[in-house]
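# Coordinate analysis (summary)
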Amino acid sequence: MENGARVPQPMASGPTAFIPEKEIAQDNPVDGHPSLLFLEEYSTTGHPDNTTKIMALHPQYLESFLRTQYYILRMDGPLPFEHRHYLAIMAAARHQCSYLVNMHINEFLQVGGDSEWLSGLEYIPQKLKNLNEVNKILAHRPWLITKEHIKKLLKPGENSWSLAELVHAMVLLAHYHALASFVFGSGINPEIDQDTSHGFRPPVVSNFCLCSNTNESHVEDVISVHSSPGTSDSVSELEALMERMKRLQEENEEEEASQEEMATRFEKEKKESLMVVTGGRG
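Everything numeric here is computed off the predicted structure, so don't read it as measured data.

The next point concerns the overall build of the chain. Counting its secondary structure elements, the chain contains 12 helices and two strands. For the chain, buried positions account for 40% of its 282 residues. In the chain, once contacts between residues fewer than 6 apart in sequence are set aside, the share between residues at least 24 apart is 69%.

What follows is the structure, given as structure tokens:
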């Protein structure tokens, strides 16, 4: 425990729980590689974080990634800097990606963001809050975004978005939805902090929650910043998921669905998908 917050314990040392640290050290070109001088220029954290270290195994991709992220977070644009980092938090929190949530809570506060916003959506400006429905759909059913969602956000009014602002916001949301998947898929470990005895950077806040104002019951979706990839809890969940997938695959091999059953399943999934939109309107 540190300052009332539980400190995650690593299953393995290094940037990722999936690749031995020695292998990364041998193959990783981050340190001293002449073609990676852009790292210092475009890094948003001032040092190679664990995501960068893993992505550096593919230098050309890393350069494009860092340039893109630098432009949408640091360069001149229609959105204030604190809004950019808050949108990153909103997107990452939809996937319960505590690694990115913690990273951008730090960034959000460093650029002068209001710490009260971190208590939930009810504490943020209505203009930002209006993006919650689109964020939810983009995260889980992006093909259901329609022109009506865009028109609603652009509709003239006190809390309306300009087209430039909305494009910037949508790019940020999509970027961090995808990056959350990369973090989970790569087993990224929490960042090391040399100033603490345990070596892990403590969370800025013990719990960050997003309050879904698209739900009629206004249920709070509490996102715990402690369940990070690389901890024993996440490994147990991964093992359980793999076991379930294996069992489902075996069942499918034993009994293939008929065309009629497949059509029924498709219609059921289609109805459930539509509920994402209709369920959020009240």
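Counting 45 residues, the largest nonpolar core has Tyr 86, Leu 87, Leu 100, Trp 161 and Tyr 176 as its most contacted members. Among the secondary structure elements, those contributing two or more residues to this core are α3 (50-55), α4 (59-74), α5 (81-94), α6 (98-110), α8 (132-140) and α10 (163-186). Excluding anything up to four places from it in sequence, Leu 100 contacts Ala 92, Tyr 176, Leu 179, Ala 180 and Val 183.

Attention shifts here to the packing of α4 against α10. Running from N to C, α4 and α10 cross one another at 140 degrees; their axes reach a closest spacing of 11 Å. The orientation of α4 relative to α10 falls into the category oblique. In this structure, α4 crosses over α10, and the sense of that crossing is left-handed. Contacts between α4 and α10 involve Phe 65, Gln 69, Ile 72 and Leu 73 from the former and His 168, Val 171, Leu 172, His 175, Tyr 176 and Leu 179 from the latter.

Here the focus is the pattern of salt bridges. Within this structure, the stated rule accounts for five salt bridges. Among the salt bridges present, the one from Arg 67 reaches Glu 63, with a minimum N-O distance of 2.6 Å. One end of the pair, Arg 67, and the other, Glu 63, are both in helix α4, four residues apart, so they sit about a helical turn from each other. Residue Arg 67 is classed as partly exposed on the basis of its relative accessible area, which comes to 29%.

Taken N-terminus to C-terminus, the directions of α6 and α10 make an angle of 125 degrees; their axes are 9 Å apart at the nearest point. Taken together, the axes of α6 and α10 are oblique relative to one another. Seen from α6, the contacting residues are Tyr 99, Leu 100 and His 104; seen from α10, they are Tyr 176, Leu 179, Ala 180 and Val 183. In terms of residue class, the contact of α6 with α10 is made up of six nonpolar, one polar and no charged.

Below, the discussion takes up α5. Taking 1.5 Å as the rise per residue, α5 with 14 residues should run 20 Å; its terminal C-alpha atoms sit 21 Å apart, in good agreement. In terms of burial, α5 is a largely internal element, 11 of the 14 residues being buried. Listed as buried for α5 are His 83, Arg 84, His 85, Tyr 86, Leu 87, Ala 88, Ile 89, Met 90, Ala 91, Ala 92 and Ala 93.

This paragraph deals with the packing of aromatic side chains. A full pass over the atoms with the stated rule returns four aromatic pairs. Measuring from centroid to centroid gives 6.4 Å for Tyr 70 and Tyr 71, while their planes differ by 70 degrees, and the two rings are edge-to-face. The class of Tyr 71 is partly exposed, set by a relative accessible area of 41%. By the ring-pair criterion, three or more aromatic residues cluster together here, those being Tyr 86, Phe 108 and Trp 117. The ring centre of Trp 161 lies 5.1 Å from the NZ or CZ of Lys 127, which sits over that ring.

Look at α6: 18 Å from first C-alpha to last across 13 residues, which is about the 18 Å you get at 1.5 Å a residue. For α6, a buried count of 10 out of 13 residues is recorded, marking the element as mostly surrounded by other parts of the structure. The set of residues buried in α6 consists of Ser 98, Tyr 99, Leu 100, Val 101, Asn 102, Met 103, His 104, Ile 105, Glu 107 and Phe 108. Positive backbone phi, approximately 95 degrees, marks Gly 112, located one or two places after α6.

Take a nonpolar patch on the surface next. Together, Leu 163, Val 167 and Val 171 line one region of the surface with nonpolar side chains, adding up to about 260 Å² of accessible area. Mapped onto the elements, Val 167 comes out in helix α10. What makes Val 167 partly exposed here is its relative accessible area of 47%.

With respect to the helices, strands and loops of the structure, Gly 187 is situated in the loop between α10 and β1 (207-211). Looking at Gly 187, the relative accessible area reads 3%, which means it is buried. Linking Gly 187 and Thr 51, residues 136 residues apart in sequence, is a C-alpha distance of 9.6 Å.

About the thresholds
- Residues numbered from 1 in each chain as written.
- Predicted model: local features only at pLDDT ≥ 70, side-chain atom pairs only at ≥ 80, totals over all residues.
- Heavy atoms only, no water.
- Helix = DSSP H or I, 4+ residues; strand = E, 2+ residues; numbered from the N terminus.
- Buried < 20%, exposed > 50% of the residue type's maximum accessible area, 1.4 Å probe, protein only.
- Contact = heavy atoms within 4.5 Å.
- Core = buried A, V, L, I, M, F, W, Y, C linked by side-chain atoms within 4.5 Å.
- Axes fitted to C-alpha atoms, helices over the stretch in contact; angles between N-to-C directions.
- Parallel < 35°, antiparallel > 145°, perpendicular 65-115°, else oblique.
- Left-handed = near helix turned anticlockwise from the far one by under 90°.
- Salt bridge = Lys/Arg side-chain N within 4 Å of Asp/Glu carboxyl O.
- Nonpolar A, V, L, I, M, F, W, Y, C, P; charged D, E, K, R; others polar.
- Expected span 1.5 Å × (residues − 1).
- Phe/Tyr/Trp six-rings, centres within 6.5 Å; stacked < 30°, edge-to-face > 60°.
- Lys NZ or Arg CZ within 6 Å of the ring centre and 35° of its normal.
- Patch = residues over 30% accessible without salt bridge, like charges linked within 9 Å, V, L, I, M, F, W, Y side chains within 5 Å.
- Areas by Shrake-Rupley, 256 points an atom, 1.4 Å probe, with all protein chains shown as cover.

Functional significance is not addressed by these values, which are geometric in nature.
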